[in-house]
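# Structural overview
Spelled out, the chains give:
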Amino acid sequence: MKKIFQNQNFKTMRLLLGLAVLFLMLGVGFSFQDKKHVFSREQEISIKKVQADLASGEKYSQDPVEIIFGGDVMLDRYIRQVIERRGGDFIWQKIISELQMAEGVVVNLEGPITSNESVSVNTQIGERNNYIFTFDSGVTDFLKDANIRAVNLGNNHILNFGSDGAKQTQKYLQEAGITFFGNFQGNSAPGWRTLEIEGLKIALVNFNQFSSGAVEKTLADLKEAQVKNDFVVLMPHWGNEYENYINEKQKELARRFIEAGADLVIGSHPHVVQLSETYQGRKIYYSLGNFIFDQYFSEETQKGLLVKAVFDKKNHSIDFQELRLNLNANGQVEIVR
Ligand SMILES: [Zn+2]
């Protein structure tokens, strides 16, 4: 469908078509009324149905919805400098059309958005400040440009500037209309959120291995999230950094979370792509690796994966397409064809 029409145009067309049908019926009805006729029962029923469909949007929510999931996004250090020097457009340039074709993009935001100065710019690998991140408040525009509709905050960097940094992050995201979710110490916001697109409700649930009591919290969130949503996507931040192999804990937890109601698992944190598998008919991507990150010290950390998931509400099924990424040393990211 998207290959033929631009999404927005297609939606507008359907709406216009619906309105045309409605006006046609009203027109027919009015011409009868002129002759002192009323609507036939069939006409009344179909007019009411079109009116109800238009009001609720229900009829148009049955089309599959395509969401792209990406890995770790880190916008401090070298990436901050590239954005300052060349603009955010430069970073997205090679993949922007792909991202905008989807109904939305969801990623792990590996740090807070604050008004604080960066402490990691120009530091060396191994120095303490090299691992303390803060992203400029302007990055919400950068994220929105790339169609990023929701971000996970449940990770090991969200508290880099304390609970005040996390609060600032939530404020900036809220102002920008970007959905956020995730579990971390001192967070009063829910650990999961619904991302609603074209009438499809996807619950985004986080598991953060760096937050205490995380397993129990995630199990409780999964239970809650299932109730009012069409799909439940679990986004864990877990595993061992720079290891292609998953650990036993990840494997065990993925199974537990699927048994507890997750329809899909999309992991992050290891900074490299890890294996994917299917359990009870549900797909597990243990780690998508990096998405936007300045880790150019190895081939593995310069590779990432985007997962295009097409959610079909009618059949309660998800189709997948994987796009392999390369993170170039100039800050740009591109799809490997
Ligand atoms: Zn991490």
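Definitions and limits used
Residues numbered from 1 in each chain as written. Predicted model: local features only at pLDDT ≥ 70, side-chain atom pairs only at ≥ 80, totals over all residues. pLDDT = per-residue confidence, 0-100. Contact = placed C-beta atoms within 7 Å. Pairing = 2+ DSSP bridges. Helix = DSSP H or I, 4+ residues; strand = E, 2+ residues; numbered from the N terminus. Axes fitted to C-alpha atoms, helices over the stretch in contact; angles between N-to-C directions. Buried ≥ 20, exposed ≤ 12 C-beta atoms within 10 Å, placed from the backbone.

## Considerations on the confidence of the model for the protein
Looking at the protein as a whole, the pLDDT averages 88, with 82% of positions reaching at least 70. Of the regions scoring below 50 in pLDDT, residues 1–12 engages in four contacts with residues more than four places distant in sequence or in other chains.

## Focus on the sheet that holds strand E10 (residues 282–285)
As a general point, the strands of a sheet are linked pairwise by backbone hydrogen bonds and lie either parallel or antiparallel. Spatial strand order, E5-E6-E7-E8-E10-E9: six strands in an open sheet with mixed pairing. Strand pairing shows two members of the sheet lacking a second neighbour, strand E5 (192–197) and strand E9 (276–279), which therefore form its edges. Between one strand axis and the next, the sheet turns through 20° on average, direction left out of account. Across three bridges, strand E8 (residues 264–266) lies against E10 in parallel orientation. For Val265, the partnering residue across the bridge sits in E10 and is Ile284. Across the sheet, helix H8 (residues 214–227) touches E5, strand E6 (200–208) and strand E7 (231–237), and the angle it forms with E6 is around 175°.

## A few points about the pairing of E6
The buried count for E6 comes to eight of nine residues, which makes it a mostly enclosed element. Where E5 meets E6, six bridges bridge the pair, whose relative direction is antiparallel. Residue Arg193 lies in a different strand from E6, and its bridge partner there is Leu204. Taking the residues that link successive antiparallel strands as the turn, the E5-E6 hairpin has two residues, and the phi of Glu198 there is positive, at about 50°. Pairing between E6 and E7: seven bridges, direction parallel.

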